[in-house]
Amino acid sequence: GAGVSQSPRYKVAKRGQDVALRCDPISGHVSLFWYQQALGQGPEFLTYFQNEAQLDKSGLPSDRFFAERPEGSVSTLKIQRTQQEDSAVYLCASSRDRLNTEAFFGQGTRLTVV
Amino acid sequence: AQSVTQLGSHVSVSEGALVLLRCNYSSSVPPYLFWYVQYPNQGLQLLLKYTTGATLVKGINGFEAEFKKSETSFHLTKPSAHMSDAAEYFCAVSALSNTGGFKTIFGAGTRLFVKA
């Protein structure tokens, strides 16, 4: 595709519900990142894939958060038993190479937990 | 491990005035440095980047930044502010992590206001 696509754009979840957020990176991009951006804050690193390998998941806030990229293209970020503090914009970015000399960002998914 | 500090969460300038947004970083290995801009309800857009070579880098919309290793700084400047420059600006650093990948870390952001 022309850019990084994320879906849904907006998600309202009841506390305790599981959610799945999808990221379609630019075709052929090797690296894929997930970030969490709280209101008025900078993006906080969650996890990073190089192809299908999850090289770094040190930013995932708890074991309720899980990400996968099984075929090295589309990625899904899953949040189990959502809590109010999970409310944020979740940004996905992809980069052509492993050096991440330029990351392209999607528009994000705004998750609101009520 | 790397980190980024942006000095000033809000900066206000008059239209036509110099824009200066400050960024300092720490990295144990040679970093790549970036500035991104974010407009309301939009994703992040790359303004400019430093990887290797010339330390003064020029980006889109008339912005430029200078990598100063001795000061561990990468401040963003624009000679003359335009109303359309009002947005949130993020400095970021990317460096090889101990897991074998290049991890990009962002600062907290600086919101730029431009007064008519």
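So, a few notes on the structure that sits alongside this text.

Criteria and thresholds
Residues numbered from 1 in each chain as written. Chains lettered and ligands numbered in written order. Predicted model: local features only at pLDDT ≥ 70, side-chain atom pairs only at ≥ 80, totals over all residues. Heavy atoms only, no water. Helix = DSSP H or I, 4+ residues; strand = E, 2+ residues; numbered from the N terminus. Rg over C-alpha atoms; globule rule 2.2 N^0.38 Å. Buried < 20%, exposed > 50% of the residue type's maximum accessible area, 1.4 Å probe, protein only. Contact = heavy atoms within 4.5 Å. Areas by Shrake-Rupley, 256 points an atom, 1.4 Å probe, with all protein chains shown as cover. Lys, Arg positive; Asp, Glu negative; His and termini not counted. Charge placed at Lys NZ, Arg CZ, Asp CG, Glu CD. Salt bridge = Lys/Arg side-chain N within 4 Å of Asp/Glu carboxyl O. Polar contact = N/O pair within 3.5 Å; in protein donor to acceptor, adjacent residues only side chain to side chain. Nonpolar A, V, L, I, M, F, W, Y, C, P; charged D, E, K, R; others polar. Pairing = 2+ DSSP bridges.

## Considerations on the overall build of chain A
Step number 1: Within chain A one finds zero helices and eleven strands.
Step number 2: Starting at the N terminus and walking to the C terminus, you meet the elements of chain A as β-β-β-β-β-β-β-β-β-β-β.
Step number 3: For 114 residues, the compact-globule estimate of 2.2 N^0.38 gives 13 Å, and the C-alpha radius of gyration of chain A, at 13 Å, lies within 12% of that figure.
Step number 4: Burial status across chain A gives 47% buried among its 114 residues.
Step number 5: Considering only contacts in chain A between residues 6 or more positions apart, those separated by 24 or more positions represent 53%.
Step number 6: When the accessible area of chain A is evaluated, it comes to approximately 5500 Å², of which 47% is carbon and sulfur surface.
Step number 7: Taken together, the 13 basic and 12 acidic charged side chains of chain A have centroids lying 6 Å from each other.

## Here's the deal with the overall build of chain B
Step number 1: Scanning chain B from N- to C-terminus turns up zero helices and eleven strands.
Step number 2: For chain B, the sequential pattern of α-helices and β-strands runs β-β-β-β-β-β-β-β-β-β-β.
Step number 3: Its C-alpha atoms give chain B a radius of gyration of 14 Å, within 12% of the compact-globule value 13 Å for 116 residues.
Step number 4: With the C-alpha coordinates aligned to their principal axes, the bounding extent of chain B is approximately 45 × 30 × 20 Å.
Step number 5: Split into buried and exposed, the 116 residues of chain B put 47% on the buried side.
Step number 6: Summarising the internal contacts of chain B: among those between residues at least 6 apart in sequence, 56% fall at separations of at least 24.
Step number 7: On chain B, roughly 5400 Å² of surface is accessible, and the fraction owed to carbon and sulfur atoms is 54%.
Step number 8: Within chain B, the 6 negative side-chain charges are centred at a point lying 6 Å from the centre of the 9 positive side-chain charges.

## What about the interface of chain B and chain A?
Step number 1: Contacts between the two partners involve 25 residues from chain B, matched on the other side by 25 residues from chain A.
Step number 2: Counting across the chain B and chain A interface gives one salt bridge.
Step number 3: A salt bridge links Lys49 of chain B to Glu102 of chain A, with the shortest nitrogen-to-oxygen separation between them at 3.8 Å.
Step number 4: Our count for the chain B to chain A interface comes out at five residue pairs in polar contact (both at pLDDT 80 or more).
Step number 5: Counting residues per element, the ones that place at least two in the side of chain B that touches chain A are strand E4 (32-38), strand E5 (44-50), strand E9 (87-96) and strand E10 (102-106) of chain B.
Step number 6: No other element matches the five residues that E10 of chain B contributes to the side of chain B that touches chain A.
Step number 7: Looking at the side of chain B that touches chain A, its residues break down into eleven nonpolar, twelve polar and two charged.

## Quick look at unusual backbone geometry
Residues and elements named next belong to chain A.
Step number 1: Note the cis peptide between Ser7 and Pro8, where omega equals -10°.
Step number 2: Along the chain, Pro8 turns up in the loop between strand E1 (5-7) and strand E2 (10-13).
Step number 3: Within the chain, Arg81 stands out as a residue other than glycine whose phi angle is a positive 50°.
Step number 4: You can see Arg81 is positioned in the loop between strand E8 (75-79) and strand E9 (88-95).

## Things to note about the pairing of strand E8 (residues 73-78) of chain B
Residue and element names in this part refer to chain B.
Step number 1: With five of six residues buried, E8 is to be regarded as a mostly interior element.
Step number 2: Pairing between strand E3 (residues 19-26) and E8: four bridges, direction antiparallel. Each bridged residue has a counterpart across the sheet, and for Val19 the counterpart in E8 is Lys78.
Step number 3: Looking at chain direction, strand E7 (residues 64-68) and E8 are connected through five bridges and run antiparallel. From the neighbouring strand, Glu64 faces E8, where its bridge partner is Thr77.
Step number 4: What sits between the antiparallel neighbours E7 and E8 is a turn of four residues, in which Thr72 has the positive phi angle 45°.

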